[in-house]
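# Coordinates in review
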Amino acid sequence: MDWNPKRVRALAFDVDGTLFSSEGIILETYAEAIRRFSVNSQIPLEVPDRDRIMLEIGKPVKTIFLNLVPQLKESERDQISDSVLELLVSKIRQGEGEFYPKVKETVTSLKNKGYQILAASNGRMPYVKTILEVSGILPLFDPIVVLDNETIKTKPDIVAKYIRDYSYSPEEILMIGDRSSDHEAARKNGSPFAFCAYGHAPEGEIPDWEVSLAQLEDLDRIF
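Report on the accompanying structure. Just so you know, these numbers come straight off a predicted model, no measurement behind them.

To continue, consider the sheet that holds strand β4 (residues 116-119). Spatially, the five strands line up as an open sheet ordered β4-β1-β5-β6-β7, and their pairing is parallel. Each edge of the sheet is formed by a strand with only one pairing partner; in this case those strands are β4 and β7 (211-213). Sheet twist, expressed as the mean angle between neighbouring strand axes with direction ignored, is 20°. Relative to strand β5 (residues 173-177), strand β1 (residues 10-13) is paired through four bridges, and the arrangement is parallel. Counterpart to A12 in the pairing with β5 is M175. Set on the sheet, helix α7 (residues 155-165) makes contact with β4 and β5; between it and β5 the angle comes to about 150°.

Here we come to the nonpolar core. In this structure, F13, I80 and F141 are the most contacted members of the largest nonpolar core, which totals 55 residues. Every residue in contact with F141, bar those within four places of it in the chain, is listed here: F13, L19, V107, I117, L118, A119 and L132. Among the nonpolar cores identified, the runner-up in size contains 19 residues, and L147, M175, A186 and I206 belong to it.

With the rule as written, the count across this model stands at 23 salt bridges. The salt bridge partner of E23 is R50, with a shortest N-O separation of 2.2 Å. One end of the pair, E23, is in helix α1 (residues 23-41); the other, R50, is in helix α2 (residues 50-56), and 27 residues separate them in sequence. On the basis of relative accessible area, E23 is assigned to the partly exposed category, the value being 31%. One network of salt bridges, with partners in common, ties together D14, K155 and D182.

Residues of β1 alternate between two faces, with A10 and A12 on one and L11 and F13 on the opposite face, all of them buried. Where β1 and β4 come together, four bridges link them in parallel fashion. Its bridge partner lying in β4, F13 is registered against A119.

It is worth spelling out the side chain of E56 at this point. Secondary-structure assignment places E56 in helix α2. Its relative accessible area of 9% is what places E56 among the buried residues. Excluding its chain neighbours within four sequence positions, the residues that come into contact with E56 are T63, I64, N67 and L68.

For the rest of this paragraph, the subject is the packing of helix α3 (residues 61-68) against helix α4 (residues 74-93). Across the interface, α3 lies against α4 with an axial gap of 10 Å and an inter-helix angle of 115°. What the angle tells us is that α3 and α4 run roughly perpendicular. Crossing angle aside, the handedness with which α3 passes α4 is right-handed. Of the residues in α4, those touching α3 at V61, K62, F65 and L66 are E74, R77, D78, I80, S81 and V84. Class assignment for the residues of the contact of α3 with α4 results in five nonpolar, one polar and four charged.

Criteria and thresholds
Residues numbered from 1 in each chain as written. Predicted model: local features only at pLDDT ≥ 70, side-chain atom pairs only at ≥ 80, totals over all residues. Heavy atoms only, no water. Pairing = 2+ DSSP bridges. Helix = DSSP H or I, 4+ residues; strand = E, 2+ residues; numbered from the N terminus. Axes fitted to C-alpha atoms, helices over the stretch in contact; angles between N-to-C directions. Contact = heavy atoms within 4.5 Å. Core = buried A, V, L, I, M, F, W, Y, C linked by side-chain atoms within 4.5 Å. Buried < 20%, exposed > 50% of the residue type's maximum accessible area, 1.4 Å probe, protein only. Salt bridge = Lys/Arg side-chain N within 4 Å of Asp/Glu carboxyl O. Parallel < 35°, antiparallel > 145°, perpendicular 65-115°, else oblique. Left-handed = near helix turned anticlockwise from the far one by under 90°. Nonpolar A, V, L, I, M, F, W, Y, C, P; charged D, E, K, R; others polar.

So this is what it looks like as C-alpha cells:
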C-alpha cells in the first residue's frame with residue numbers, strides 16, 4: 001500500500017500482544033477454567049498445552065473455544081469462556097500478567113499529539129477495560145467497540161465501525177497489533193498496519209506491514 005504516516009489521525013490498538021501479555025498466566029487460567037467445568041459437568045476434558053492455547057490468542061472468543069473444545073455444545077463452551085474471563089480479570093487486577101514497557105507513556109504522548117486513541121480487540125469488554133484501567137490509560141480511549149457476535153463479528157468489523165462512526169478514510173486509521181486478525185482488520189478495510197514484532201505471532205504469520213515495531217515506544221518516534 002502507498003502509505004503516508006502524515007495522513008494518520010487515529011490509532012487503533014489491539015490489546016493482548018500489543019499493550020499487555022497474558023502469556024505468563026494463560027495456561028494456568030485455561031487449565032483452572034476447564035478443570036472447574038469438568039468437575040461441575042462430569043465431562044472429562046484434556047487441558048490443551050500452552051503452545052496450542054497461544055496459537056488461539058487474538059481470535060474471537062467463540063472461535064478460540066470452538067477450536068479448543070469442539071466436542072462441547074456452544075453453551076458449555078461459553079461456560080468455560082466466562083470462567084476464563086472472570087479468572088483473567090481477577091488476576092490482572094492482582095497485578096498478574098505483563099504490561100509491555102512504556103505503555104502508559106507512549107499512549108499518553110500519542111494522545112497529547114492529537115491522535116484519536118481507539119481499541120480494536122477480539123477480547124470481551126471486561127477484559128479490555130480491565131487491562132486499560134490497570135495500566136492507567138483507559139481515560140485516553142474513545143468509546144470502546146467490541147464484538148457483539150451480531151453486527152460486529154470480527155476485528156475487521158470493529159475497524160469498519162470506527163471508520164464509519166468518525167467519518168475517516170481508511171488510510172487515516174492505523175491498526176496496531178501482533179496477530180493475523182489485526183493484519184486482516186487493516187487489510188480488509190484498506191488501512192495501514194503496524195506490526196508489533198515483540199508480540200505473540202509465530203514467525204511467518206504476518207505477511208506484510210507498513211511499519212514494524214520492535215517495541216511499543218517506537219510508535220512515539222514515528223508519529
